[in-house]
Every structure is written in structure tokens, then in C-alpha cells.
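# Observations on the model geometry
Given next are the chains, with one letter for each unit.
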Amino acid sequence: FRAPFGISLFIDEKGQEKWNVTLTPSKDSRAFEALQRFDERILEEGKKHPEWFREAGWKGKQLSESNIETNFGSSLKEPEPDRKTGEIKYPDYQWKLSVFPKNLVVVVKDEATEQYKLHTKDGHLHIHKKPCSLVPVCTPAYIWFTGNQWGVKWFMNKLVVTETFSRGQADVSDMLGMD
């Protein structure tokens, strides 16, 4: 996987840290196919269990199979055109995962020795805002419901960083002027 922006930190309105990573799986990869199959399975289960939606506060017409399908938030976010210009700035599908640094195991390839080493403390900082390639180990955490939208929340448990890219190297985020 490519992580074009590395691990990112956001501070929410309550002042709490929220770490996440956006991965861009290749559309022809096994991982992309597996995520699509996972989403299809969750969608099938959702259609079989309208009680999930009633418990989440959905009512009447909202419980139709077509509405359940239409309002499902896929794990893979499709590229979308900019609302003002129509330009597609991010051509790759994006898979967003939440990261909890204290629970995250980070293994990084040492470029000098070509050996993989465990980062025992604050390994996530190794790729904070640094584009990289990595192998994630993650867990679907829960199914979420908000208003009439629903989907799956993912947590990253472990990652193996196979390569980090310096800002001097051409990268999608560099070309777009992003950190």
C-alpha cells in the first residue's frame, strides 16, 4: 500500500488527538478486491438485518434495501471531482484507518542494513506526515451509523514500513503541494 500523506494527527474540537492514515490500494491488487468483497458482505448483512437500522433510529422508508445500499459508506472512497472545478485531484481510491499510537506495533526497514526493526516507542512518528509504502495489519472495529449513513470503522494494529520517501522525491502529495 501507498500512504501518500503518512500518518496524520488531527486535534478535534474537544482537544483530543485523533491519528489516522489514508492508504491508496492499487485498483488491480488483491487487497482492493478483498476490501470490495468485505464491503459487499457487510452490505448483504445490513440488508438482512433491518433491526440494526431501527436501533440506530432509522424509520419507515429509510429501512428499504435500496436506501440501505445507497447510504452505505464503502471502506474504499472513490475518487471524486472537486465541487468547484470538476478536477479530480486524488485519482486513487482511499482507505482510511484510525490509529491508536499506544496500541500500534511499528516495524521499519532500516535502509542501511535492509533489516526490519521494531520501533518500541512512538514508532508512528517515524512516518508522521511522511509519504511511505507499508503493509498494514488492521481490524474492522465496528459498524457505525449517523443520521441515515452507515459503514465500517477500521483500526490499524500493526504496520510494516517498507519504504519512506523524502520530500525531494516526486510524490503525489508533493506535486499537489500538500504536507
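An account of the accompanying structure is given in this report. (Residues numbered from 1 in each chain as written. Predicted model: local features only at pLDDT ≥ 70, side-chain atom pairs only at ≥ 80, totals over all residues. Heavy atoms only, no water.)

## Brief notes about the environment of Thr-70
Its place among the elements puts Thr-70 in helix 3 (residues 65–70). The class for Thr-70 is exposed, based on a relative accessible area of 61%. There is a polar contact of 2.7 Å between the side chain of Thr-70 and the backbone oxygen of Ser-66. (Helix = DSSP H or I, 4+ residues; strand = E, 2+ residues; numbered from the N terminus. Buried < 20%, exposed > 50% of the residue type's maximum accessible area, 1.4 Å probe, protein only. Polar contact = N/O pair within 3.5 Å; in protein donor to acceptor, adjacent residues only side chain to side chain.)

## Brief notes about the packing of aromatic side chains
Overall, the coordinates contain 13 aromatic pairs when judged by the stated rule. Ring geometry for Phe-53 against Trp-58: centres 4.7 Å apart, planes inclined by 50°, an arrangement best described as tilted. Ring centres of Phe-100 and Phe-155 lie 4.9 Å apart, and the angle between their planes is 85°; this geometry places the pair in the edge-to-face category. Highlighted residues: Phe-100 in the loop between strand 6 (94–99) and strand 7 (105–109) and Phe-155 in strand 10 (residues 149–164), separated in sequence by 55 residues. On the basis of relative accessible area, Phe-100 is assigned to the partly exposed category, the value being 40%. Aromatic rings pair up to connect Trp-52, Phe-53, Trp-58, Phe-72, Phe-145 and Trp-150 into one cluster. (Phe/Tyr/Trp six-rings, centres within 6.5 Å; stacked < 30°, edge-to-face > 60°.)

## Some remarks on the pairing of strand 7
Sheet analysis places strand 7 next to strand 10, joined by four bridges and oriented parallel. When the bridges of strand 10 are listed, Val-107 appears paired with Val-160. Pairing between strand 7 and strand 8 (residues 116–119): four bridges, direction antiparallel. The partner of Val-107 across the bridge, within strand 8, is Leu-118. Taking the residues between adjacent antiparallel strands as the criterion, strand 7 and strand 8 are bridged by six residues, where Glu-114 takes a positive phi near 65°. (Pairing = 2+ DSSP bridges.)

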